[in-house]
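Structure at a glance
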Amino acid sequence: MKRTGIFFTYFQGERLKDFPRSLQGLLDKPNVSYYDAVYGSRDGLFCLEPVAERLLLKVHSRKMIESVKHTEHYESAVYSAGGTVQAAEEILRGNIGNAFVFTSFGDHHAGSDFYHGMCYFNGAALAIALLKEKGIRRFLIVDTDSHHGDGTRDIFRRDASVLHVCFCDQDYSDEYGKIDVEIPYRTSDEEYLAKMKQVFIPRARAFKPEYIFWEYGYDATRGEYGDKGISRDCHMRLTKLIKATADEVCKGRLIVILCGGSRRDVATYTIPRIIAILAEGEDRFQIAQSE
Ligand SMILES: [Zn+2]
Ligand SMILES: [Zn+2]
């Protein structure tokens, strides 16, 4: 049975206050491995390691890294990105099949020489830099955060080995595999899922990535700061689609990275359900198809 890795970093802010408590029931599953940055050295838990500076320098400029070091969030940032890097390594070693990575500070607004929007280091890009050293050649990043993943786009702009499918505020596509899909305000779950099916699935099949990274921002949920109108249950339906695609095209190698979103209730509702789908291939909470 394929294992699911949960990478739990230090966290700051309100939204993850119910974690790791809300993972109860998941952590006991025989096919779930829990990597903890705080208590990793005891009780058989695995240790979550911070990202190495050597790797940071392959993606980000020295000037930018030094600048992040002078913020109060540096330690959280290296553990957040470290979770994604370690997830990629553990999948490569065969210890786990897929992963959910908690982050204090997410990825997609961190570019090669800039950062903003509560993103400091780009965990997906750092994991890809490491996997390239190990001979992996094709990567897909799908981004359902409400906002454009400008940092990720900047890093891979001319890199045709990375297909970047970003659901945001504009339509765009180029010959390097960089695609934006416009999600207007007041998009229904059905409309969003239809776009995912029309754009992401055929591109993933044609591209044949060896890994899929999913920037899971939930800020497009109704009532969030990037509200596009979708319900919280839409995220579970997206999880099923993206996981089924990963199972089909890249042996299930899927890393879900927590990105934007501020509401504690949405995090507490969606994240355990997403992990349950990753670990079981089905939704143990019997989610209704719409609210
Ligand atoms: Zn966002
Ligand atoms: Zn975009």
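Below is a summary of the structure that appears in this document.

Criteria and thresholds
- Residues numbered from 1 in each chain as written.
- Chains lettered and ligands numbered in written order.
- Predicted model: local features only at pLDDT ≥ 70, side-chain atom pairs only at ≥ 80, totals over all residues.
- Heavy atoms only, no water.
- Pairing = 2+ DSSP bridges.
- Helix = DSSP H or I, 4+ residues; strand = E, 2+ residues; numbered from the N terminus.
- Contact = heavy atoms within 4.5 Å.
- Axes fitted to C-alpha atoms, helices over the stretch in contact; angles between N-to-C directions.
- Buried < 20%, exposed > 50% of the residue type's maximum accessible area, 1.4 Å probe, protein only.
- Right-handed = clockwise from strand over helix to strand, strands pointing away.
- Donors = N, O, S within 2.8 Å, 3.2 Å for Na, K, Ca; no water.

Consider a sheet: its strands pair through backbone hydrogen bonds, and that pairing is either parallel or antiparallel. Across the sheet, 10 strands lie side by side as 3-2-1-4-10-9-5-6-8-7; this open sheet has mixed pairing. Bordering the open sheet on either side are strand 3 (46-47) and strand 7 (172-173), each of which pairs with just one other strand. As judged from the 2 bridges shared by strand 2 (residues 32-36) and strand 3, these two strands associate in the parallel manner. In the sheet register, Asp36 faces strand 3, and the bridge partner there is Cys47. On the sheet, helix 6 (residues 189-207) packs against strand 5 (139-143), strand 6 (162-168), strand 7, strand 8 (178-182) and strand 9 (211-216) and is oriented at approximately 175 degrees with respect to strand 6.

What follows is about the pairing of strand 4 (residues 98-101). The side chains of a regular strand alternate, residue by residue, between the two faces of the sheet. Residue alternation in strand 4 divides its side chains into two sets, Asn98 and Phe100 and Ala99 and Val101, and both sets are buried. Here 4 bridges tie strand 1 (residues 4-8) to strand 4, and the two strands are oriented parallel to one another. Residue pairing in the sheet places Thr4 in a bridge with Asn98 of strand 4. Bridge count for strand 4 against strand 10 (residues 254-258) is 4 bridges, and the pairing is parallel. Paired with Asn98 across the strands is Leu254, a residue of strand 10.

Among the 7 residues in strand 6, 7 count as buried, and that is most of the element. Burial of strand 6 is two-sided: the residues Val162, His164, Cys166 and Cys168 facing one way and the residues Leu163, Val165 and Phe167 facing the other way are all buried. The sheet contact formed by strand 5 and strand 6 spans 5 bridges and is parallel. Bridging across to strand 6, Val142 finds its partner in Val165. In this region the chain leaves strand 5, passes through helix 5 (residues 150-156) and returns to the parallel neighbour strand 6; the handedness of that crossover is right-handed. Two strands pair when backbone bridges link them, and strand 6 and strand 8 are joined in this way by 5 bridges, in the parallel orientation. Within the sheet, the bridge partner assigned to Cys166 lies in strand 8 and is Asp180.

Those protein atoms acting as donors to the zinc ion (ligand 1) are Asp145 (OD), His147 (ND1) and Asp219 (OD), and they sit at 1.9 to 2.1 Å. The sequence pattern formed by the donor residues of the zinc ion (ligand 1) is D-x1-H-x71-D. Of this pair, Asp145 sits in the loop between strand 5 and helix 5 while Asp219 sits in the loop between strand 9 and helix 7 (234-249), and the two are 74 residues apart along the sequence. According to the relative accessible area criterion, Asp145 is buried, its value standing at 2%. Assessed through its relative accessible area of 1%, Asp219 is described here as buried.

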